[in-house]
Amino acid sequence: MEKKKLAFLGCGFLNEIVANALHNGYLPEYELVGAFGRNPVRTTTFAERHNCKACYSMEELLALKPDIIAEAASPQAVGEYSETILKGGASLVVLSIGAFADAALYNRVRETAAENNQKVYIASGAVGGFDVLRTAALMSPIKATMTSKKSLRSLFYTPLFKEELMNITEPEQVFSGNTKEAIEMLPFHFNVAVATALASAGPERTTLHIDAVPGFVGDEYKIEIEGGEVKTDLNIYSRTSNIAGWSVVAVLRNIVSPIVF
Ligand SMILES: NC(=O)C1=CN([C@@H]2O[C@H](COP(=O)(O)OP(=O)(O)OC[C@H]3O[C@@H](n4cnc5c(N)ncnc54)[C@H](OP(=O)(O)O)[C@@H]3O)[C@@H](O)[C@H]2O)C=CC1
Ligand SMILES: O=C([O-])CC(=O)C(=O)O
């Protein structure tokens, strides 16, 4: 069977996990053809390490005729390149899902994918359970809430950090609002919340609470859905953000699998 051509948008931590998974035999149906990042030195070394072409523009990446581009770059990159990718004949696996809190972009991307017979796959990233959320949302109107536990360290350099947090001994809520507001304030931290919202009540109607938790390590998300017929209470703990890279590996495996989850 001819292998599917895979390319990367982003040459950082998470696509490194996907590339290593490919080398370690988790993605035998794929060949990595190229990678495009912003910093040319990082792009060159990434491509050398993974034996693929270093690309310094999206045009160069698309010239390799990839079947699928796996994005692990930034919400800004998703905004800038997703329509070009789909028009260029590739499908897209997205991790920086926060970009899709912009309903106009989301709708344009959906139309562009349909017009070009391509797909956009939303990776489950650091959370999951999108199947039950989507099912519940079909059955009745639902109330969707995500609660995120964050270490104090992960809140440094964000607008939510304040000096007093260094003295807390109990969890303290530092944000409560909808997921659209959250991703506008913290574009690199709450892709998970936007993905959850897109699978359930939508970014403007999904509530996000963020709790700063002293001594906490990792990430923990609680996703609660309350509908007329279905209730969920999902808890996902991850010690590191590696889970997000592996979720892309899982999507890529699903794409070529005869049995699809
Ligand atoms: N859905 C989820 O659960 C999760 C999503 N994420 C998201 O995944 C993305 C990648 O994370 P991670 O791998 O840790 O990040 P890294 O910073 O390690 O790598 C990002 C890579 O993308 C490149 N890049 C960023 N913006 C652009 C752009 N506009 N055009 C081209 N290349 C670009 C960077 O270039 P340069 O070297 O110049 O910076 C770098 O090569 C982030 O947006 C993050 O928020 C992360 C964790 C969980
Ligand atoms: O903290 C995490 O792993 C989740 C994250 O970055 C995101 O949603 O973008």
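Computed from a predicted structure; not experimentally measured.

Caption draft 1: Quick peek at the sheet that holds strand β11 (residues 231–238). What the 5 strands build is an open sheet, ordered β8-β9-β7-β10-β11; its pairing is mixed. This sheet does not close on itself; its edge strands, each paired only once, are β8 (172–178) and β11. Neighbouring strand axes in the sheet, compared pairwise and without regard to direction, differ in orientation by 15° on average. Here strand β10 (residues 219–227) pairs with β11 via 8 bridges, running antiparallel. Across the sheet, residue D219 finds its bridge partner in β11, namely S238. Packed onto the sheet, helix α6 (residues 130–139) meets β7 (142–150), β10 and β11 and runs at close to 20° relative to β10.

Caption draft 2: Seen up close, the nonpolar core. Residues A35, A70, V93, A193, V194 and V248 are the most contacted members of the largest nonpolar core, which totals 75 residues. Counting only domains with at least three residues in this core, you end up with domain 1 (4–125 + 243–256) and domain 2 (130–240). Setting aside chain neighbours within four positions, we find V248 in contact with V18, A70, A72, V93, L95 and A123.

Caption draft 3: Spotlight on the UniProt feature "domain: Aspartate/homoserine dehydrogenase NAD-binding" (unreviewed entry) in the protein chain. Here the UniProt feature "domain: Aspartate/homoserine dehydrogenase NAD-binding" (unreviewed entry) sits at residues 10–122. End-to-end, the C-alpha atoms of residues 10–122 are 16 Å apart, and along that stretch the chain is 46% helix and 19% strand.

What counts, and at which threshold
Residues numbered from 1 in each chain as written. Chains lettered and ligands numbered in written order. Predicted model: local features only at pLDDT ≥ 70, side-chain atom pairs only at ≥ 80, totals over all residues. Pairing = 2+ DSSP bridges. Helix = DSSP H or I, 4+ residues; strand = E, 2+ residues; numbered from the N terminus. Axes fitted to C-alpha atoms, helices over the stretch in contact; angles between N-to-C directions. Contact = placed C-beta atoms within 7 Å. Core = buried A, V, L, I, M, F, W, Y, C linked by C-beta atoms within 7 Å. Buried ≥ 20, exposed ≤ 12 C-beta atoms within 10 Å, placed from the backbone. Domains from an automatic or database assignment. UniProt positions renumbered as here; feature names shortened; annotations may be inferred.

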